[in-house]
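Coordinate inspection notes
Chain by chain, the residues:
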Amino acid sequence: MGKTDGFLLYERELPSKLDVEKRLKDYKEFIQKPSDQQLNCQSARCMDCGVPFCQNGCPLGNLIPEFNEAVYKKQWQKAYQILISTNNFPEFTGRICPAPCESACVLGINDKAVTIEEIEKNIVEMAFEQGFAKPRLPKLKTDKKVAVVGSGPAGLAAAYQLNQMGYTTTVFERDPEIGGLLRFGIPDFKLDKNIVERRVQWMKEEGIEFCTGIHVGVNYAVEELNRNFDAIVLATGSTVPKDLVIPNRDAKGIYFAMDFLKQSNKKVSGIPFEEEEINTKGKKVVVIGGGDTGSDCIGTSNRQGAEVVYQIYYKPMQPTERDETMPWPSYPALLQITSSHEEGCDRMWSVNSKEFVKDENGTLKGIRLVEAEWTKDSDEGKWNLYTEKPASEFVLECDIIFIALGYTHVEHKGLVEALDIHLDPKGNLIGNNKEYKTNQDKIFTCGDARKGQSLVVWAIAEGRQCAEKINEFFKNKS
Amino acid sequence: MNTTQKKNPDNFTKNQGLYEPEFEFDSCGVGFVANIKGVKSYKIVSDAITMLENMEHRGATGYESNTGDGAGIQIQIPHELLYDEALNVGIDLPESGYYGVGMLFFSQNNFIREECKEVIAQSAEKLHLKILGYRPVPVSNIDLGDLAKSVEPVMEMLFIERPFDLDTEKDFERKLFIFKNYISHQMISITNNDPIGFYVASFSCKKLIYKGQLRSIQVRNYFKDLTNPKIRSAFGMVHSRFATNTSPTWSLAQPFRFLAHNGEINTLGGNLNWLRSSEKMFQSPFFTPQEMDMLLPLTKPGQSDSSYLDNMVELLYHSGRSLPHTMMMLIPEAWDGHEQMEHYKKDFYEFHACLMEPWDGPASISFTDGDMIGATLDRNGLRPSRYCITSDDLVIMASESGALSVDPQKIIKRGHLQPGKMFLVDMKKGTIISDDELKKEICTSKPYREWLDSMRINITELPNPKIRFNKLQTEDIFKYQKAFGYSREDLDGVIKEMASHGKEPIGSMGFDVPLAVLSEKPQHLSSYFKQLFAQVTNPPIDPIREKLVMSLTTIIGGNGNLLEEDKNFAHSIKLENPVINNNQLEKLRSVDTGRFQAKTIYTYFNARGKEGELKKAIDRICRYAVDAVDDGFEVIILSDRSLDSQHASIPSLLACSAVHHHLIRKGIRRKIGLVMEVGDVWEVHHFATLLGFGATAINPYLALASIRQMFDEGAFEEEDLVKLRDNYKKAVGDGLLKIFSKMGVSTLQSYHGAQIFEIIGLNKLVVNTCFTGAVSRIEGIGFDEIAKEALLKHQDAFKEDMENSLLDTGGIYQWRSNNEYHQFNPQSIHLLQQSAWNNDYDVFKKYSRLVNQQMGKATLLRGLLEFKNDRESIPLEEVEPIESIMKRFATGAMSFGSISWEAHTTLAIAMNRIGAKSNTGEGGEDEARYAPEKNGDNLRSSIKQVASGRFGVTARYLAEADEIQIKMAQGAKPGEGGQLSGDKVDSWIGKTRHSTPGVGLISPPPHHDIYSIEDLAQLIFDLKNANRHARLSVKLVSKAGVGTIASGVAKAKADHILISGYDGGTGASPLGSIRHTGLPWELGLAETHQTLIKNKLRQRVTLQVDGQMKTGRDLAIATLLGAEEWGIATSALIVEGCILMRKCHLNTCPVGIATQKEELRKKFKGKAEHLVNYFRFLAMEVREIMANLGFRTIDEMVGQSQCLERKTNTTFWKHQGIDLSRVLYKIKTDLPVIKSEDQDAGLGNSISWKMVEAAQYALQNNTSMEAGFDIKNTDRTVGTILSHELTKIYKSEGMNENSLLFNFKGTAGQSFGAFCNKGITMRLEGDANDYLGKGLSGAQLMIFPHKEAIIHANENSIVGNVALYGATSGKVFISGMAGERFAVRNSGATAVVEGIGDHGCEYMTGGKVIVLGGVGRNFGAGMSGGIAYVWDVNKTLEYHFNPDMADLESITEEDKELIFNLIKEHSENTGSTLAEYIISDWDNSCKHFTKVYPREYKKVIENQINDIT
């Protein structure tokens, strides 16, 4: 443990952010670099628990107390080694993870959690800065070849591990750039694309082959994939968005969040796009859905110059503190105030969408909403019973609506059908839970394609475990 | 040779159940009466027996009150008696000295007896001895119990004529010795199945022994000879036995042929191995080779430790050494590091250390060869030995003073034997020889120093090695670390800590990962070995405060023929520390002294994983080792450096012990030193196991390289690598001393090869081959599995895929995901808390399923068990109600101090609400808790713990108990003491513990009033006097032999026994102790239950069990294995909010439990109702199991182990060999197997009742009174019952001083005035025994010699050992000297005494002690508070004082006044002439006072003064 009474001496403190006005001017990351002193104090707050619930909270099982101690002692190299022993891409999770570790931090019982995510980010950035993070060629090479389809966090993690294990690894990506959701889903102000690019370069140096613009099953035959590789990983993500099927869905101006974010990302990076431009400049924007994607839409809309941004929630406002329904160390459903919210957003809770309103041209004019009344289920203590408040309907005027309600499952058309991969009732690929193996010999799957929509940190965890299983698969074969 | 014991009258063989006869130990009363001039008389014999009778309370009885544990007497051959008696049977005896008498125990079976006599006749012929005839020994057995009678031997005396060619008595004695051994060996086959067998009690031409399985008071009437006035002897040596078991054992009664022993040999296993390993080398001019063959082997299995020691003495004596010389060899003084010891003595001991390892353990031994009789104490001096000399040439030596009453006017000297000292009466010369004189003569009889100088080499003097070893390079270090199973936790948490701080790391809470044999993670072989520890039958030692007795010195080579003295035996290399660095190892490797060379043997095995590879490799290294000895090498280095991808290392412990035992079997182990060059050794336990199984020295090259590597990486603040390595070595050394001392062993030489471990999980083949003789009771893995486990690590190191620059994280001491399983993990903690907090039984069931199923694995022994119905299930309603089950709960002993007020009182409230019991722990109890709260809640803990520190143990505290619990050991750190640092002792805790705020507190490892089982019986007696209404409980920790100890405890009249598992919690312990000491409760409980039944004692005690109890299933299994009650601690704390931080020792508990910090205590969120919910759930779950198994009550469920069976569906490869049948073994009995019989506390005859009667009026009316009584040594714990009556009325405040005044005359028994409250004053004219004023709570005691005595009081011992132990207030004036350990742990009493023995004022925390005279060694050790003033006229204080915690200062004016007043009071109270003298010349005499002032205390006191001014 770094300091036995650090948690008594220092309070939780996150680094400052650039002022809203300034940060809205561009798409750059706006969280400031913390001082050494700050990092030292924050790492000193870790109590090095006998039972580190944080580690249990982390899907990757990050060895949090160990790297906290190393940071406290300024052993950055050691901290880095501990960090990457469980996490291939701390530069991603350090920025965009909702940090279930912090929810589980023991200090959180009666104090504020350790700033684990911030420390994680700084460890890896320090490692890059000081040059001890560097690519490492695999120790040995086998004659086995593995294809990874999809270059999101799960695919990348699997590819990374497989390559290190000595398998010749090729990653197929249908988009023009590597990174999947990381590349095109998350805006730059949360995850600068240079960070993604840095990692991709690194992996190339380690010997991984990346094939962009290759849509397996479309411009690359499935048979060829089968012929050329000894194992295949399907990490194509969960990309079929959930729709909001209410009247006038066909109105012009209603978009799925990802279409907007992907395009914006291309714009920021100067990548040409062919589809219709979505621009929120001077527009009234409504975001439906309260997740991270919704927030990203808000931040992006504001940066494009939206007049006003609303965000509407079906459920009531979440509490700001834990209650008995979400005891420590579970991940609490608390009211989120993201940086995008800080940048300007009107939020409405307990409103249900009744219909979209369009004008005669079919152009979106607004959305008809109704106020909802929720009561708690007496057994579960959760908001379960919904009734509409009489005579509470109203129309919220707007020009653009982004639907950010999440994703249903992996795309079934094309690759999945061609390979005849079985699906579970939710439409996810069946990847025989602990084996990550599909019904087809030598075909594995991981990430959202298997698990359904989830967090980046879960995707990395799945990718790693999947690689482990493929390794066993080859070992058992030989 | 003993041949009779351990036959099985009740069909209880050692393969059934967990009991093993090796576990038996005994303790006792011992003494002798002798005429200095050798004048024989009947009176001496009679007096000796009287003395024996007066020590009756030191012996014991078992199930039958008329069957004792054994007693007897040794005398000179009573020629007149025997001559007459022999004539009656037609034998004409020659004159005295010309015939030998054998006292023989024969079988009751005539046929066997005749066969035995046939053997005797033939053997006599072979040895050219003439048999004169047999004489039946007349006995009267009408008073004996059936148990004793059932195996009563037929005793006959055998007379043998001295052959004409034997010139001296000595030669004849020697011949008889050979004869005795020779016939005994032959009898084994004849008497094999007989319960009595054949035994020779004595066979001598000088001495005769009468003994048997008798009570002390039965001896005189059993042997008719003893009341025949013709029986005459110049001495009578007696012994009264308190055995921990009750198997009938006539032959184990003492005295033995040369000695009577009170104590225990802790190192017996090793001593016997070393003996066996040298027997083949024995040569002596006194024995022909044929005779040597006849007398060997010297020992046979199944004897007691004392009888083995006697065998050894016998051999050494008959091979030409004198008896004192022999005793000095076997039980040397603490010479190593003793700066004041005379050089010749040191030389003697140092030389003999090359020959022989000490037989270590607490011992008071009386010995005789018929012409001289003497006594000696071991180096620690833990057994009492008082003597007095009279003007009519009588010497009386006994465990107690006053055992034989003597006219005080005739006494010319009263003394006590000091640690390591000897006392000898030479009856031929007619003189007493003092220790100095005697030892000087023996020590200078040979030029030992010269021998040592010429032959002995210190390792530092060896020439530099010829070749230097290449350092391991970084990459190799990593590879080796992986191959040997190092984790980051081992590096950062263990090795780095040791190197940085020179100490073993500390941890807290319990141990909840699987036993090694159950774990799915590859284990270190040492983890299958659990350290054993001293408990009840012998005391652990404090290696820090009493380091003067400890030694790490080890010797390579030298071990020659024991039976001769030769300077060549000194040819050896001496190491100050068994841990050697690389340079020292290389020196050894290239050593060549002309006759001293080393051979390196590589300990690899083929890594291809084929069956039998490991065993093959072991056979190979054993073979090579034998060859090396044959080829004349003196040092064998076993090295595991040779590993490569295809060759793995044999676990070093396996290699070491295999070679060690192989060489023992070949009889050549003593010829070589076994040096280990090992990578897989880094924590202290690893070193301990190697040393315990035969390693002489250890080079932990990889641990040292790891330190270097961490150093290079900048992991340390320290900038000097040498310092770091020295620290590491020091940490190992200190840790080893701690491990030795927890078993009561003082020296590495004794520990070496002593195998003080219990193995869990290795199969018979492995144990018999490599760990011969070690205890292993549940079988387990074999050679191939050990190999597999080693190969898992090896393959990890050499695997070719993915590079990883990190070692495994570990996860033993802290939970880690995807690593070692912990029973308390995020899920189980969360579910437990949520269930109790929300009163949700469904969630509780989730929790218990998770815990019970252990993720589908077995991580505890009980995880391998499942329930089995042997009767119909019943409806739940028919099972006894939840409420009555809940009364059987207790929470663990956690002190206020280790946990916060809030946490402590919440437990108490909850337990009181459900009628269960909470425990004060070792920290006293705030009296504010005795008054109930307004809402009816009660904060008072029902169980009052009495632990070694005795903090806050006052008359009131004891009076407020429903149960008094004597803590003999703690699961997490048995055999160790504790420490509460000064920063945790705030004013509140200070008050509760009767100590000074800010001053640290030490709990000694032993109870200083319990060094032996009869001492425990005495403490139980004391406490019953202090509160006869409370149930008396003794807390033991599970280990091999705990059942036997528990039997002793039951015989010592405890009402309740708690068996704790090793995995229980702690506020702070060394990690090694938490992990590697003690055993799971399943084993200890089952063994205890079985052994108590076997000894017919089960119905006398309630059995409770604790240690990681979590669910109803745990409780049900415990009940089926014999428990009636259950203790729960860790789980209860978790319900209070504990989240297993394991930082209790840092005072930073973030949930306000294990902390005293105000801001953290505020965070405490625990509630009594949550605890009630949890205990209710537990009871509910037990009920469900009961209904299912068909039990209506817990009572009928206890011990029904047939309802458990070994799971058959466990598939993990390591679990397959585990056999739990001995745990589940059920012994048939007609007696109840639950507590159903009251213990007779024996208070009935106490003199205290008369005191109560006399004080009745004064007590009721708060007036004063005075009365007088005669007193003798059997009047024990006088005054305490009265004090209890007083306390009931007047609480802690007591009465006015001197209200109840009593005058006694005579010798007081033990514990005079124990726990006596204020208002009582007891004046004693005469003397007193041990524990005077123990726990004194305000009373006044005055002791002074008889008015008519002629001795000078201040030169004579009139008070025994351990006076004022744990006293909290009151005053004591002693006109005379007291024994060892005066005022140990005194926290408030004032005492004036005129001289004391060793270890005075140890651990003292308060009060004042004035010593008007000398103090013994180690004065003021661990003294953190209080002040002592010593009148140091002879200027010896400086040498005897331990400066670690206190300073010597000159006295101030204030001190002067205080001293003057107290001496004046002393003079008035006792009439001390010394006091008068000092006062009369005050101006001069006051100059000689020195103040002993504890440093920390002084600081606090001075701050207080500054605060006021």
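Note that this is a predicted model, so its numbers are computed, not measured.

**A short note on the overall build of chain A**
Across its full length, chain A holds 20 helices and 16 strands. Taking 478 residues into account, the globule formula puts the C-alpha radius of gyration at 23 Å, and chain A, at 23 Å, falls close to it. C-alpha extents for chain A along the principal axes are approximately 70 × 60 × 50 Å. By residue count, 55% of the 478 residues in chain A fall in the buried class. Sequence-distant contacts, at least 24 apart, represent 69% of the contacts inside chain A between residues at least 6 apart. A total of about 20,300 Å² of accessible surface is found on chain A, and carbon and sulfur atoms cover 48% of it.

**Here we look at the overall build of chain B**
Along its length, chain B carries 47 helices and 54 strands. Relative to the compact-globule value of 36 Å for 1509 residues, chain B shows a C-alpha radius of gyration of 32 Å, a close match. In terms of overall dimensions, chain B has C-alpha extents of about 90 × 85 × 75 Å along its principal axes. For chain B, with 1509 residues in total, the buried portion stands at 71%. Excluding contacts between residues fewer than 6 apart, the proportion of contacts in chain B whose partners are at least 24 apart in sequence is 74%. Of note, chain B has its 168 positive side-chain charges centred 2 Å away from the centre of its 190 negative side-chain charges.

**Focus: the interface of chain B and chain A**
It is common to report an interface's size as the accessible area lost on association of the parts. With 37 residues of chain B at the interface, the matching set in chain A holds 39 residues. Around 3,300 Å² of area is buried between chain B and chain A when both sides are counted, 55% of it from carbon and sulfur atoms. If you look at where chain B meets chain A, you find 3 salt bridges. We note a salt bridge from A:Glu66 to B:Arg488, for which the minimum N-O separation is 2.8 Å. Where the side of chain B that touches chain A is concerned, the elements lending two or more residues are helix 15 (488-501), helix 25 (826-837) and helix 37 (1158-1161) of chain B. Ranked by the residues each element gives to the side of chain B that touches chain A, the list is headed by helix 25 of chain B, at 5 residues.

**Notes on a negative patch on the surface**
A cluster of acidic side chains, namely A:Asp259, A:Glu274, A:Glu275 and A:Glu276, defines a negative patch on the protein surface. Topologically, A:Glu276 is positioned in the loop between helix 14 (257-269) and strand 7 (284-288).

**Section: helix 24 (residues 783-798) of chain B**
Under the 1.5 Å per step criterion, the end-to-end length of helix 24 of chain B is 22 Å for 16 residues, consistent within 8% with the ideal 22 Å. Considered for burial, the residues of helix 24 of chain B that qualify are B:Phe783, B:Ile786, B:Ala787, B:Glu789, B:Ala790, B:Leu791, B:Lys793, B:His794 and B:Ala797.

**Considerations on the side chain of B:Asn727**
Residue and element names in this part refer to chain B. Position of Asn-727 relative to the elements: it lies in helix 21 (residues 721-742). In this structure Asn-727 comes out as buried when scored by relative accessible area, which is 9%. A polar contact of 2.8 Å, which involves the side chain of Asn-727, links it to the backbone oxygen of Ala-499. With residues near it in sequence (within four places) discarded, Asn-727 still touches Met-498, Ala-499, Ser-500, His-501 and Gly-502.

**A closer look at the UniProt feature "domain: Dihydroprymidine dehydrogenase" (unreviewed entry) in chain A**
Annotation from UniProt places "domain: Dihydroprymidine dehydrogenase" (unreviewed entry) at residues 24-131 of chain A. Helix makes up 55% of residues 24-131 of chain A and strand makes up 0%, while its end C-alpha atoms are separated by 32 Å.

**What about the nonpolar core?**
Soluble globular proteins tend to pack their nonpolar side chains together in the buried interior. Residue and element names in this part refer to chain B. Core analysis: the largest hydrophobic core is formed by 331 residues, its most contacted members being Leu-654, Tyr-728, Leu-762, Phe-771, Phe-889 and Leu-1036. It is helix 38 (residues 1168-1189) that provides the largest number of residues to this core, a total of 13 residues. Grouped together as the second largest cluster of nonpolar side chains are 82 residues, Cys-205, Ile-265, Met-328 and Met-422 included.

**Structural notes on the environment of B:Ser1450**
Looking at where B:Ser1450 falls in the secondary structure, it is placed in strand 53 (residues 1446-1450). Between the C-alpha atom of B:Ser1450 and that of B:Lys1491, which follows or precedes it by 41 residues, the distance is 5.7 Å.

**Here's the deal with the packing of aromatic side chains**
Aromatic rings in a pair are described by how distant their centres are and how their planes are angled relative to each other. According to the stated counting rule, one finds 64 aromatic pairs over all chains in the structure shown. Summarising the aromatic geometry, the rings of A:Phe172 and A:Tyr220 are spaced 4.8 Å apart at their centres and angled 45° between planes, so their arrangement reads as tilted. Within this pair, whereas A:Phe172 is found in strand 2 (residues 168-173), its partner A:Tyr220 is found in the loop between strand 3 (209-212) and helix 13 (222-228), the two being separated by 48 residues in sequence. Judged on exposure class, the residue A:Phe172 and its partner A:Tyr220 are both buried. Ring geometry for B:Phe529 and B:Phe757: centres 6.4 Å apart, planes at 85°, overall edge-to-face. Linking B:Phe529 in strand 19 (residues 529-531) with B:Phe757 in strand 28 (residues 757-762), this pair joins segments that are 228 residues apart in sequence. Of the residues examined, B:Phe529 reaches a relative accessible area of 0% and is grouped as buried. Under the relative-accessibility criterion, B:Phe757 is labelled buried at 1%. Among the aromatic side chains, those forming a connected cluster through ring pairs are B:Tyr841, B:Phe844, B:Tyr847, B:Phe889, B:Trp1126, B:Tyr1174, B:Phe1175 and B:Phe1177.

**Let's talk about the confidence of the model for chain B**
All names here are of chain B. Taken as a whole, chain B shows an average pLDDT of 92; of its residues, 97% reach a score of 70 or greater. Low confidence marks residues 1-15, where pLDDT is under 50. Its contacts with residues over four positions away, or in another chain, come to 62 contacts. Taken over the whole predicted complex, pTM reads 0.94, whereas the ipTM for its chain interfaces reads 0.94.

**Some details on the pattern of salt bridges**
Residues and elements named next belong to chain B. Under the counting rule described, the total for this entry stands at 124 salt bridges over all chains. The salt bridge partner of Arg-913 is Glu-1169, with a shortest N-O separation of 3.3 Å. A residue pair is termed long-range when its members are at least 10 positions apart, and Arg-913 in helix 28 (residues 901-913) and Glu-1169 in helix 38 qualify at 256 residues. A salt bridge links Lys-1498 to Glu-1449; its shortest N-O distance comes to 2.6 Å. Of this pair, Lys-1498 sits in helix 47 (residues 1495-1508) while Glu-1449 sits in strand 53, placing them 49 residues apart in sequence.

Thresholds applied
Per chain, residue numbering runs from 1 following the sequence as it is written. For this description, chains carry letters from A and ligands carry numbers from 1, given in the order in which they are written. In keeping with the model being predicted, local features are shown solely for residues with a pLDDT of at least 70 and side-chain atom pairs are shown and tallied solely at 80 or more, while totals for entire chains, interfaces and linings include all residues. Only hydrogens and water are removed before side-chain values are computed, so all heavy atoms of the structure are retained for them. Secondary structure follows DSSP: runs of H or I at least 4 residues long count as helices, runs of E at least 2 residues long count as strands, and numbering of each begins at the N terminus. Only C-alpha atoms enter the radius of gyration; for comparison, a globular chain is expected to reach 2.2 Å times N to the power 0.38, where N is the number of residues. Only protein chains enter the accessibility calculation, which uses a 1.4 Å probe; a residue whose area is less than 20% of its type maximum is buried, one above 50% is exposed, and one in between is partly exposed. Contacts are assigned to residue pairs with any non-hydrogen atoms lying within 4.5 Å of each other. Areas reported as accessible are Shrake-Rupley estimates using a 1.4 Å probe. Residue values count occlusion only from the protein chains shown. Under the convention used here, Asp and Glu are negative, Lys and Arg are positive, and both His and the chain ends fall outside the count. Lys charges are placed at NZ, Arg charges at CZ, Asp charges at CG and Glu charges at CD. In short, buried area is how much 1.4 Å probe accessible area vanishes from two parts on joining, totalled over both. Here a salt bridge means any side-chain nitrogen of Lys or Arg lying within 4 Å of a carboxyl oxygen belonging to Asp or Glu. Excluding any residue in a salt bridge, patches collect residues exceeding 30% relative accessible area, merging like charges within 9 Å and nonpolar Val, Leu, Ile, Met, Phe, Trp and Tyr side chains within 5 Å. What a helix should span is 1.5 Å times the count of its residues minus one. Here a polar contact means two N or O atoms within 3.5 Å. Within protein one must be a hydrogen donor candidate and the other an acceptor candidate, and residues neighboring in sequence count only if both atoms are side-chain atoms. UniProt positions are given in the numbering used here, feature names are shortened, and annotations may be inferred rather than shown by experiment. To qualify as a nonpolar core, a set must consist of buried Ala, Val, Leu, Ile, Met, Phe, Trp, Tyr and Cys residues joined through side-chain atoms within 4.5 Å. Two rings from Phe, Tyr or Trp (for Trp, the six-membered ring) form a pair when their centres sit within 6.5 Å of each other. Planes less than 30 degrees apart are called stacked, planes more than 60 degrees apart edge-to-face, and all others tilted. Every residue is assigned a pLDDT by the predictor, reflecting its confidence on a scale from 0 to 100.

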